[in-house]
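# Structural overview
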Amino acid sequence: MKKLLQPLVALLAGLLAAGCGQKQTDSGEKKLTVGFSQIGAESAWRTANTESIKAEAAKRGINLQFADAQQKQENQIKALRSFIAQGVDVIAFSPVVETGWEPVLKEIKRAGIPVVLSDRAVKVSEEGLYVTFIGSDFVEEGRRAARWLAEKTGGKAVIAELVGTPGSAPAIDRKKGFEEILASHPGMRIIKSQSGDFTRAKGKEVMETFLKSPEGRQITALYAHNDDMALGAIQAIEEAGLKPGTDILIVSIDGVRAAFEAMVAGKLNCTVECNPLIGPQLFDLIEKVARGEPVPARVAVEEGVFDQSQAAAALPTRQY
Ligand code: AHR
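Scope of this entry: the structure provided in the associated data block.

Here the focus is the sheet that holds strand β11 (residues 298-300). The strand order across the open sheet formed by six strands is β2-β1-β3-β4-β5-β11, and the pairing between neighbours is parallel. Across the chains shown, the open sheet's two edge strands, defined by having one partner strand only, are β2 (63-68) and β11. This sheet shows a mean twist of 15° between the axes of neighbouring strands, independent of strand direction. In this structure, strand β5 (residues 132-135) lies alongside β11, joined through three bridges in parallel fashion. When the sheet's bridge partners are listed, glycine 135 is paired in β11 with alanine 300. Contacts from helix α3 (residues 73-86) reach β1 (33-38), β2 and β3 (90-93) within the one sheet, and its direction differs from that of β1 by about 170°.

Okay, here's the thing in C-alpha cells:
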C-alpha cells in the first residue's frame, strides 16, 4: 500500500509546487520563479538589457515571468500585483519613475516576497521595502559627460539638453551630475532643456524645436541623456543644414553600437557608457536573496567614457 501511495504523493507535491508558481527541474529540485517587470522597449539600451536578463534566466533554468510595461507605471504596478498572486519566489523590476511605489511595495512585503531593483532606483520613505538595488551611478554619468564637454570646449559652451523620461532616476540624476560640474564653469550654460523621453523619435522632434527657436543658432553643444535621443537629434541637425559633431558638439550616455557608428562617422563626439548587460550580476543577486544569503544594499556597474578617437577600435568589441 505504501509503495502504491509514494508516486501519488510525489505527483501531488509536484502539482502543488507548480500551482504556487514553483516549477521543478528534471532532478526534482524546486525551480526558482522570478517575476520581472521591465519598463518597455524605449531604447537600444533597454532592448539589450531585456535580452541580457532573459538569456541569463534561461541559462540558469530560472522560470522567468517577464512583463513589458510599455513605459507606464500603472502597467508595472499591475504586473507586480500579478506576481504576488502567482506567488513567485523573488520580484525584480526596473521602475519607470522614482516615486509612487510604496503601496505596492508594502503589499509585496506583506506577501513575504523579496524585491530586487534593477537599473533604476525608487524613492521610498520606509526602509526594508526592497532588499538590494543593482544599477549604474547616473549622477556620475552626468558628471562624466560634463567633464568631457568642459575639457573639449575649454569651458565655453551654449548647451541644449535632451532630458530623459520626466521623474525617472536617470533623468533626475544625469541632470544633477551634469549641472554639478557646470557650476564650476561659468562659460558653460544650458539655454534649452526638454524631455525627449529617451526615444529617438522624441529626441529628433525636440531638437527640431530647439533649432527653430530664436536662440537655436546659438547652440554649440548638445547633451543628451541617452544615445537614442542624440541619434534622433543628429537627424534634426542635419535636416537643419548643420553638421552634427562639428557645428554642434554632441555628448550622450549609454554607449550603444549605433552611437559608436555615429562617432566613427564624425557625427557624435562622446558617449558615456551605461552598461545594460547586467543579467549575470542580477541573477547572482536574485539567487542569493532567494537562498536568504546576505547581499550588499547597492551593487554598482563598472563603466567607461569613449570619444571619437577610441570609437573605431572599440566598435567591433561592443556587445550592445
Ligand atoms: O535607465 C537606463 C536608461 O534607460 C538608459 O540610459 C536609456 O537608454 C534607457 O531608456
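For helix α5 (residues 138-153), built from 16 residues, the straight-helix expectation of 22 Å at 1.5 Å per residue is met to within 8% by its first-to-last C-alpha distance of 23 Å. Among the residues making up α5, those that are buried are Phe138, Val139, Glu140, Glu141, Gly142, Arg143, Ala145, Ala146, Trp148, Leu149 and Ala150. Immediately downstream of α5, the backbone of glycine 154 shows phi near 65°, a positive value.

One pass over the structure, following the stated rule, counts four aromatic pairs. Ring centres of phenylalanine 178 and tyrosine 223 lie 3.8 Å apart, and the angle between their planes is 10°; this geometry places the pair in the stacked category. Of this pair, phenylalanine 178 sits in helix α6 (residues 169-182) while tyrosine 223 sits in strand β8 (residues 221-224); the two residues are 45 residues apart in sequence, bridging distant segments of the chain. Owing to a relative accessible area of 0%, tyrosine 223 belongs among the buried residues under this scheme. A cation over an aromatic ring shows up here: lysine 54 above the ring of phenylalanine 66, its NZ or CZ 4.4 Å from the ring centre.

Parameters and conventions
- Residues numbered from 1 in each chain as written.
- Predicted model: local features only at pLDDT ≥ 70, side-chain atom pairs only at ≥ 80, totals over all residues.
- Heavy atoms only, no water.
- Pairing = 2+ DSSP bridges.
- Helix = DSSP H or I, 4+ residues; strand = E, 2+ residues; numbered from the N terminus.
- Axes fitted to C-alpha atoms, helices over the stretch in contact; angles between N-to-C directions.
- Contact = heavy atoms within 4.5 Å.
- Expected span 1.5 Å × (residues − 1).
- Buried < 20%, exposed > 50% of the residue type's maximum accessible area, 1.4 Å probe, protein only.
- Phe/Tyr/Trp six-rings, centres within 6.5 Å; stacked < 30°, edge-to-face > 60°.
- Lys NZ or Arg CZ within 6 Å of the ring centre and 35° of its normal.

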